[in-house]
Amino acid sequence: MGPTLVAGLREIWAHKFRSLLTMLGIVLGVSSLVAMSALVTGMERGAKEALIAIGGLARIRIEPAELPAEQRHLADQAVGITLRDVEALEQNIPLVTLTSPEMRIPVTVSANGRTFRPWLCSGVRPAALEMFEHRIAHGRMFNEIDDELARNVCVIGTATRDELWGAPEDIGREIIPVGETLYINGVPFVIIGMFEHYESEQERREREFRQRQQPQPQAQTGPQRDRGWGRRPGGFAFRLKNSTIYLPLNTVWMRFRGLVATTGFGPPRLQATNVVPDRAEPVLSSLEVKLASIEDLPETLQQMRNVLMVTHRGIEDFQFRTQEEWAEQIETFVRNARISGGLIAGISLLVGGIGIMNIMLASISERVREIGIRKSVGASDGDIFVQILAESVVISVLGGFLGMGAALGLVRLVSQLSPTGNEPIVTPLALGVAFGFSVVVGILAGLYPAVKAARLNPIEALRYE
Amino acid sequence: MALVELRNVSKIYHLGGEEIRALDNVSLDIEEGEFISIIGPSGSGKSTLMHILGCLDTPTSGTVKLDGIMIQDASPRELAAIRNRKIGFVFQFFNLLPKLNVLQNVELPMIYSGVPARERHRRAMAALEAVDMANRAKHRPSQLSGGQQQRAAIARALVNNPRIIFADEPTGNLDSHTGETILQLFRRLNAEGRTIVLVTHDPEIAAVTPRRIEIRDGRIAPKPDLRLAGLQTRQ
């Protein structure tokens, strides 16, 4: 086997340029396979990052819903989602590992002489930190005591800071407003903590890229204006997360109970259902629960529905919301991208394989005499077969290695030139698959020429001119 | 027991429905250590005979025994192994591989018999020594004269220590002086105990061998009168 491989390499070296051209098809096929896979993997990671940023698949939101038609007449009996539901779920559903009740209030926030309306201001328990994958960068999260005592404290995201005190990019230094006072609907709150700045990998790279570049004044005509969100791409999920303001749940109930939205996202309904006759329990905007596993999701949801139907007196004024659809969309997108990329790479590999077969056929017809000589000194049909096949595989594998190198270079080039996209990720699996394909293509392309060469009659081959 | 025993060997080709008897019921023994020439005009069947003796071809009927092995019903793989270990070929056109140097050409048969690299090198050098070509080991065939190429080819035929060497018009492509040195080399090898079969159409060359067989129309001619044939060509 060793000398046969050496003979193959020598033959390839003897026709350097021709071999290189032959390899080109495989180089293109393998590099497009690897580069495609890297791009798709990068996009997949970007999408999954956003999914994880909002809590992942195991998080289920329970939110108010329209009553089903047959229960419409019981609307005034509906109790809404309350803290009793939290207790009931915690006690009865073993798979629920974390609950986070939420009271959303539409507010106007002012401080430092500026005013704005945040996207999300809600009263939560400290567990919300874990539920929504928040991380405190400065100060602290409010704790159970703050909640119990209904203290006027709040934790803000960076977007609130940016609006009221200015973004680090614009004013050149980072302001940490922990300890400052903030007026929420006119009520003073002390900022005790600030979340870290959430951004996707893509946004982070873009921001760093902008920092490296000289700041270029935007050519702008007409009056000063906000040019919209288009300049700031990236996940809605991250922007929403950054503009969060959290207050203790009890504080919201004490101060703003009339404002609590009970209709899912959007403005509070005028005929608020939270005006329940016996208002024994504070009504929530929504309730998030986290499950230990999502393996038996339908069964768990059914179990939760059963529990909630008891606390809701049989009135189904709630619904579940999961991220399954989002996850499925990501899966579908990734699968489609992989299939189309794989198809393109497959066609290039096919063309490359045909090129190799063509060259091997030409090569054996100009080496008929050599084959005759080798057979006369004792090469068996098998030896000739292996020699030609080895040449084909060596060409293909060398092409495969060049293709992997080209793909790595290409991926690096792409992320250098355009740092705004999701960074492509070259996985060892993709490299392995590409290598495997180049071997397979080499074998398939060499098979027919090798059989043809092995079957040559030695007498005729020796006579061949 | 003879080294080669042919019994009633026939080789029949079919060309466009016509039957061509290239060999017709040939029986022949070659003893170990013999130096024998097979002569005959072109188309007489001597090449076919050599191909069958050399295990490049199998007879249509009859039996061939080489060194105690019946080869008429051996598989192609077995024939390749026999060619490799028991037979050495020397051709009119030398048939060295142009891309390999002399040493690599001589090593070629040993590659197919699986000799380790170090041993290959040692034996190839010894074979080149025997034909006085050791100083040309690193030359390409194209850098050598015809005589040197043929000596390299003889070294290749010798290197696996075969039981029998077939030389097919070994001097056909050489000038008479060089041809004479090649024949001298064969004589020397025969004196060292090698069995050599020389295939030629030239009775003068055949005259150097102690035993001669003439093939005519696929049969062994009963009484080869070589001296007469030689005189005729000389005139």
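Refer to the structure above for everything that follows.
Now for a look at the structure at hand. (Residues numbered from 1 in each chain as written. Chains lettered and ligands numbered in written order. Predicted model: local features only at pLDDT ≥ 70, side-chain atom pairs only at ≥ 80, totals over all residues. Heavy atoms only, no water.)

1. Considerations on the sheet that holds strand E8 (residues 195-200) of chain B
Residues and elements named next belong to chain B. Read from one edge of the open sheet, six strands run E6-E7-E8-E3-E9-E10, paired in mixed fashion. On the outer flanks of this sheet lie strand E6 (87-90) and strand E10 (219-220), each paired with one strand and no other. In this sheet, E8 lies alongside strand E3 (residues 35-39) in parallel orientation, the contact comprising five bridges. Counted as the bridge partner of Ile39 is Thr200 from E8. (Pairing = 2+ DSSP bridges. Helix = DSSP H or I, 4+ residues; strand = E, 2+ residues; numbered from the N terminus.)

2. Quick word on the packing of aromatic side chains
Residue and element names in this part refer to chain A. Enumeration according to the criterion identifies seven aromatic pairs over all chains in this entry. An angle of 85 degrees between the planes, with centres 5.8 Å apart, marks the rings of Phe195 and Tyr246 as edge-to-face. Of the two residues, Phe195 sits in strand E9 (residues 187-195) while Tyr246 sits in strand E10 (residues 244-248), which places them 51 residues apart along the sequence. For Phe195, a relative accessible area of 0% corresponds to the buried category. (Phe/Tyr/Trp six-rings, centres within 6.5 Å; stacked < 30°, edge-to-face > 60°. Buried < 20%, exposed > 50% of the residue type's maximum accessible area, 1.4 Å probe, protein only.)

3. Re the sheet that holds strand E2 (residues 18-30) of chain B
All names here are of chain B. Taken in spatial order, the four strands of this open sheet run E2-E1-E4-E5, and their pairing is antiparallel. Lying at the two open borders of the sheet, with one neighbouring strand each, are E2 and strand E5 (69-70). In this sheet, E2 lies alongside strand E1 (residues 4-15) in antiparallel orientation, the contact comprising nine bridges. Residue pairing in the sheet places Glu5 in a bridge with Asp29 of E2.

4. Description of the interface of chain B and chain A
Taken together, the 22 residues of chain B in the interface contact 22 residues of chain A. Where chain B abuts chain A, roughly 1,900 Å² becomes buried across the two surfaces, and 61% of that area is made up of carbon and sulfur atoms. Where chain B packs against chain A, one counts one salt bridge. The partner of Glu11(A) in a salt bridge is Lys99(B), and the shortest N-O contact between them spans 3.1 Å. Inspection of the region where chain B meets chain A yields five residue pairs in polar contact (both at pLDDT 80 or more). Mapped onto the side of chain B that touches chain A, the elements with two or more residues apiece are helix H2 (76-86) and helix H3 (102-112) of chain B. Of the residues forming the side of chain B that touches chain A, the biggest block, five residues, is contributed by H3(B). Its residues assigned to classes, the side of chain B that touches chain A comprises 13 nonpolar, four polar and five charged. (Contact = heavy atoms within 4.5 Å. Buried area = accessible area lost by both parts, 1.4 Å probe. Salt bridge = Lys/Arg side-chain N within 4 Å of Asp/Glu carboxyl O. Polar contact = N/O pair within 3.5 Å; in protein donor to acceptor, adjacent residues only side chain to side chain. Nonpolar A, V, L, I, M, F, W, Y, C, P; charged D, E, K, R; others polar.)

By themselves, these observations are geometric and do not establish any function.
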